[in-house]
Amino acid sequence: MIGELLALVGAVLILLSAVGVVRFDDVFARMHALAKASTLGILLILVGAAVNLRNLNDLTSVMLAAVVHLLASPPASNMVSRATYLTEGLPEGAIDEHAELSGGGR
Amino acid sequence: MTPATFVILAIAAMLFMVRLCIGPTLADRVAALNGLVLVGMGAIATQAAHTAVGSFLPTLVAIALVGPIGNGMIARFIESRRS
């Protein structure tokens, strides 16, 4: 019961971040919206599955998936946003603190 | 409660598909694909929570490993196109 409730809350969080991915204006805002689902949303669903499961093998599989995803997903998103910044720069009107600190240029 | 969860995940998948189709840059499409991977992981975990059967959980681990690695590879590809 409580595991399914946690999974429902996580699914609602994923839906909210999908709305953010569709409606936000530029690439970085969209990736920022997606990061909420990829950490808290998926973690809530995995905790919901872990609450309902009884077998120790299944529990360790869920924990391994959660740990691997939490360790691997933020660096990958960081690589994508860094590559986007290096190739296309920031959107119009954004303050480029990196260029200011490094004396112009990317 | 579980059918509502699956409906919500399906709506989220449709929204991610919209961004996958209309996304102007490659990074938008990467973000949308990442969201679709999340929806798949959420569906597998929700099914495991509903039935309390863990047969599909190794698939969950595999998807959690492969998704960010693919993201990183696409990031290297975007960066290599820098002129």
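I will try to describe carefully the structure that is included in this document. (Residues numbered from 1 in each chain as written. Chains lettered and ligands numbered in written order. Predicted model: local features only at pLDDT ≥ 70, side-chain atom pairs only at ≥ 80, totals over all residues.)

Side note on the overall build of chain B
Secondary structure summary: chain B contains three helices and zero strands in total. Sequence-ordered secondary structure for chain B, helices as α and strands as β, is α-α-α. Whereas a compact globule of 83 residues would reach a radius of gyration of roughly 12 Å, chain B reaches 15 Å, over 25% beyond that. Judged by the C-alpha coordinates and their principal axes, chain B covers about 50 × 25 × 10 Å. Per-residue burial for chain B yields a buried fraction of 42% across its 83 residues. Partitioning the contacts of chain B with sequence separation of at least 6, the portion at a separation of at least 24 is 43%. (Helix = DSSP H or I, 4+ residues; strand = E, 2+ residues; numbered from the N terminus. Rg over C-alpha atoms; globule rule 2.2 N^0.38 Å. Buried ≥ 20, exposed ≤ 12 C-beta atoms within 10 Å, placed from the backbone. Contact = placed C-beta atoms within 7 Å.)

Things to note about the nonpolar core
The nonpolar side chains of soluble globular proteins are, as a tendency, buried together. With 55 residues, the main nonpolar core has Ile14, Val21, Leu46 and Ala49 of chain A together with Ala12 and Ala45 of chain B as its most contacted residues. Counting residues per element, the ones that place at least two in this core are α1 (2-23), α2 (27-52) and α3 (56-88) of chain A together with α1 (2-22), α2 (26-51) and α3 (57-80) of chain B. The leading source of residues in this core is α2 of chain A, at 13 residues. The residues touching alanine 12 of chain B, leaving out its near neighbours within four places in the chain, are Ile14, Leu15 and Ala18 of chain A together with Val39 of chain B. (Core = buried A, V, L, I, M, F, W, Y, C linked by C-beta atoms within 7 Å.)

Notes on the interface of chain B and chain A
Contacts between chain B and chain A engage 46 residues on the former and 49 residues on the latter. For the side of chain B that touches chain A, the elements supplying multiple residues, two or more each, are α1, α2 and α3 of chain B. In terms of residue count, the dominant contributor to the side of chain B that touches chain A is α2 of chain B (16 residues). Here the side of chain B that touches chain A is built from residues that sort into 30 nonpolar, 11 polar and five charged. (Nonpolar A, V, L, I, M, F, W, Y, C, P; charged D, E, K, R; others polar.)

As for the environment of phenylalanine 16 of chain B
For phenylalanine 16 of chain B, the location among the structural elements is in helix α1. For the pair phenylalanine 16 of chain B and glycine 35 of chain B, spaced 19 residues apart in sequence, the C-alpha to C-alpha distance is 6.4 Å. Excluding residues within four positions of it along the chain, phenylalanine 16 of chain B makes contact with Ala18 and Val21 of chain A together with Ala32, Gly35, Leu36 and Val39 of chain B.

Distances and angles like these do not, on their own, reveal function.
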